[in-house]
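Listed here are the chains, written in short residue letters.
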Amino acid sequence: MIKRIIFDLDNTLIPWEEEYWDSLKGAFKRINYSFNDEMINKLSQAVGEYEKYYPIYKKEDLLAFMEKYANIDLPDIFLDYWLEELGYCAKTSQEIIDTLEYLYQKYDLVVLTNWFTSSQTERLITANILKYFSKVYGADEFLIKPYPESYLMAANGYQLSECLMIGDNLNNDVKGALQLGMKAIYFDLENKYHGNEYQTIKKFSDLKKIL
Ligand SMILES: [Mg+2]
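Quick look at the structure, then. All values reported here derive from a predicted model rather than from experimental measurement.

### As for the pattern of salt bridges
Piece 1. What the rule picks out here adds up to 14 salt bridges.
Piece 2. Between R30 and E85 there is a salt bridge, and its shortest N-O distance comes to 2.9 Å. Of this pair, R30 sits in helix 1 (residues 23–30) while E85 sits in helix 4 (residues 77–86), placing them 55 residues apart in sequence.
Piece 3. It is possible to trace a salt-bridge network through shared partners that takes in D8, K145 and D173.

### Structural notes on the pairing of strand 4 (residues 163–167)
Piece 1. Counting buried residues along strand 4, five of its five residues qualify, which places the element largely inside the surrounding structure.
Piece 2. Taking every second residue as pointing to the same face, both faces of strand 4 are buried, with C163, M165 and G167 on one and L164 and I166 on the other.
Piece 3. Sheet topology note: the strand 1 (residues 4–7)/strand 4 ladder contains four bridges and is parallel. Its bridge partner being in strand 4, R4 is matched across the sheet by C163.
Piece 4. Bridge count for strand 4 against strand 5 (residues 183–187) is four bridges, and the pairing is parallel.

### So, the coordination of the magnesium ion
Piece 1. Only D8 (OD), D10 (O) and D168 (OD) from the protein reach the magnesium ion as donors, at distances of 2.1 to 2.2 Å.
Piece 2. In terms of primary sequence, the donors binding the magnesium ion are separated according to D-x1-D-x157-D. Here D10 is found in the loop between strand 1 and helix 1, whereas its partner D168 is found in the loop between strand 4 and helix 8 (170–180), with 158 residues between them in sequence.
Piece 3. Residue classification places D10 among the partly exposed positions, given a relative accessible area of 23%.

### Thoughts on the packing of aromatic side chains
Piece 1. If you walk through the whole model with that rule in mind, you get 23 aromatic pairs.
Piece 2. Aromatic pair Y54 and F65: ring centres 5.9 Å apart, planes at 80 degrees, arrangement edge-to-face. One end of the pair, Y54, is in the loop between helix 2 (37–53) and helix 3 (59–70); the other, F65, is in helix 3, and 11 residues separate them in sequence.
Piece 3. Through successive ring pairs, a cluster of aromatic residues spans W16, Y20, W21, Y50, Y53, Y54, Y57, F65, Y69, W82, W115 and F116.
Piece 4. A cation over a ring is seen here: K135 above Y137, with NZ or CZ 5.6 Å from the ring centre.

### Things to note about the sheet that holds strand 3 (residues 135–138)
Piece 1. In space, the six strands of this open sheet follow the order 3-2-1-4-5-6, with parallel pairing throughout. Edge positions in the sheet fall to strand 3 and strand 6 (200–201), since each of these pairs with one other strand and no more.
Piece 2. Relative to strand 6, strand 5 is paired through two bridges, and the arrangement is parallel. If you follow F187 over to strand 6, its bridge partner there is I201.
Piece 3. The strands touched by helix 8 are strand 4 and strand 5; relative to strand 5, the strand with the most contacts, the crossing angle is about 160 degrees.

### Considering helix 6 (residues 117–126)
Piece 1. What helix 6 keeps buried is the set T117, S119, Q120, T121, R123 and L124.
Piece 2. Against helix 4, strand 2 (108–113) and strand 3 lie the buried residues of helix 6.
Piece 3. Within two residues after helix 6, N128 carries a phi angle of roughly 65 degrees, on the positive side.

### A few points about helix 3
Piece 1. Its 12 residues place the ends of helix 3 16 Å apart at the C-alpha level, agreeing with the 16 Å of an ideal helix rising 1.5 Å per residue.
Piece 2. By the burial criterion, the buried members of helix 3 are L62, L63, F65, M66, E67 and A70.
Piece 3. Summarising the contacts, the buried residues of helix 3 are in contact with helix 1, helix 2 and helix 4.
Piece 4. Positive backbone phi, at 55 degrees, marks N71, one or two positions downstream of helix 3.

### Focus on the nonpolar core
Across soluble globular proteins, you tend to see nonpolar side chains buried next to one another.
Piece 1. Residues L24, F28, L43, M66, F78, W82 and W115 are the most contacted members of the largest nonpolar core, which totals 30 residues.
Piece 2. Every element with two or more residues in this core is listed here: helix 1, helix 2, helix 3 and helix 4.
Piece 3. The element that contributes the greatest number of residues to this core is helix 2, accounting for six residues.
Piece 4. Taken together, domain 1 (4–16 + 91–210) and domain 2 (18–86) each give at least three residues to this core, which thus spans both.
Piece 5. Formed by 28 residues, the second largest nonpolar core is a distinct cluster that contains I5, I14, Y132 and L207.

Criteria and thresholds
Residues numbered from 1 in each chain as written. Predicted model: local features only at pLDDT ≥ 70, side-chain atom pairs only at ≥ 80, totals over all residues. Heavy atoms only, no water. Salt bridge = Lys/Arg side-chain N within 4 Å of Asp/Glu carboxyl O. Helix = DSSP H or I, 4+ residues; strand = E, 2+ residues; numbered from the N terminus. Buried < 20%, exposed > 50% of the residue type's maximum accessible area, 1.4 Å probe, protein only. Pairing = 2+ DSSP bridges. Donors = N, O, S within 2.8 Å, 3.2 Å for Na, K, Ca; no water. Phe/Tyr/Trp six-rings, centres within 6.5 Å; stacked < 30°, edge-to-face > 60°. Lys NZ or Arg CZ within 6 Å of the ring centre and 35° of its normal. Contact = heavy atoms within 4.5 Å. Axes fitted to C-alpha atoms, helices over the stretch in contact; angles between N-to-C directions. Expected span 1.5 Å × (residues − 1). Core = buried A, V, L, I, M, F, W, Y, C linked by side-chain atoms within 4.5 Å. Domains from an automatic or database assignment.

Structural data, given as structure tokens:
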């Protein structure tokens, strides 16, 4: 019997919008540093690549990686400013809100995200959905998905078989959780999966039919 539902955040609870990368410009402005589009592109690429090289999010590691990737020097405060700016970048849909409203009356809902806990918590506040979750687990406190430690932290006190993970990344949100004995649902929002090996939803509100 499922008791706890563990949600991924980006592109599961909050769709990622390209314009959110503009938050980097906000951070540059706060340190009076002149920037150009190429720098923004390089820095956003670095963020996308970080998990290939590091198993946990540490501000100093991420900043050093971004600096190296873009070949620029940035003060330590840049990352704090950027994470603050990013906190305002979050919109979700009425469909997702309605579904969470239904689910949180039946299950203990938490978030498990490969990003900084404080920044993701701010984004959940901005999207006005933090109230549905009893806890936000970020990857600055323990290893990122799909390391087993990540799911074990998010299960926290529940049997693994009582936990259901839901997310848009087949490796991080589905396979890793299933391997540990959790249940998992793949949120295939781009309709690219046509197999039947993994339980799949195409719309977030489909969860109301299943759970
Ligand atoms: Mg995601």
